[in-house]
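# Structure at a glance
Here is how the chains run, residue by residue.
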Amino acid sequence: MKFYRAKLQTQNYSFEAYGETKTLALEHMKLGLINHAKQRNIPKDWWHSWGEEIYVLEVKMGTPAFNSFYRDGSLLKDD
């Protein structure tokens, strides 16, 4: 089994969204960013300039990468 985590780091917030597919993770991220805009009373498209900064990581449950530590979106491995 696997899932996907979309992540966006801005100056003020770290946003994450999860989905069963990459597309769903990105869709949940976009919806969450729009809801964030509503709560903060800012334009709903504020995040468009950050769009290239959103990355998606595939996580496979039951693999060594699942119960592990990530730094800057990459699995930290022994040297």
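Bear in mind that the values here come from a model prediction, so they are computed numbers and not experimental data. (Residues numbered from 1 in each chain as written. Predicted model: local features only at pLDDT ≥ 70, side-chain atom pairs only at ≥ 80, totals over all residues. Heavy atoms only, no water.)

Within the fold, tryptophan 46 resides in the loop between α1 (22-40) and β3 (55-60). The spatial distance from the C-alpha of tryptophan 46 to the C-alpha of isoleucine 34 is 8.5 Å, given a sequence separation of 12 residues. Filtering out sequence-adjacent residues up to four positions away, tryptophan 46 remains in contact with Thr10, Phe15, Leu33, His36 and Ala37. Within the local environment of tryptophan 46, its side chain forms a polar contact with the backbone oxygen of leucine 33, the two atoms lying 3.4 Å apart. (Helix = DSSP H or I, 4+ residues; strand = E, 2+ residues; numbered from the N terminus. Contact = heavy atoms within 4.5 Å. Polar contact = N/O pair within 3.5 Å; in protein donor to acceptor, adjacent residues only side chain to side chain.)

Formed by Tyr4, Ala6, Leu8, Phe15, Ala17, Ala25, Met29, Leu33, Ala37, Trp46, Trp47 and Ile54, the largest nonpolar core amounts to 12 residues. Those elements that place two or more of their residues in this core are β1 (2-9), β2 (14-19) and α1. Examining the composition of this core, we find that 4 residues originate from one element, α1, more than from any other. Residues within four places of phenylalanine 15 in sequence aside, it is in contact with Ala6, Lys7, Leu8, Thr10, Met29, Leu33, His36 and Trp46. (Core = buried A, V, L, I, M, F, W, Y, C linked by side-chain atoms within 4.5 Å. Buried < 20%, exposed > 50% of the residue type's maximum accessible area, 1.4 Å probe, protein only.)

Under the counting rule described, the total for this entry stands at 3 aromatic pairs. A centroid spacing of 6.0 Å and a plane angle of 50° characterise the contact between phenylalanine 15 and tryptophan 46, whose relative ring orientation is tilted. Of the two residues, phenylalanine 15 is situated in strand β2 and tryptophan 46 in the loop between α1 and β3; the sequence distance between them amounts to 31 residues. Each member of the pair, phenylalanine 15 together with tryptophan 46, is buried. Members of the aromatic cluster, connected to one another through ring pairs, are Tyr13, Phe15 and Trp46. (Phe/Tyr/Trp six-rings, centres within 6.5 Å; stacked < 30°, edge-to-face > 60°.)

Keep in mind these numbers describe shape, not what the thing actually does.
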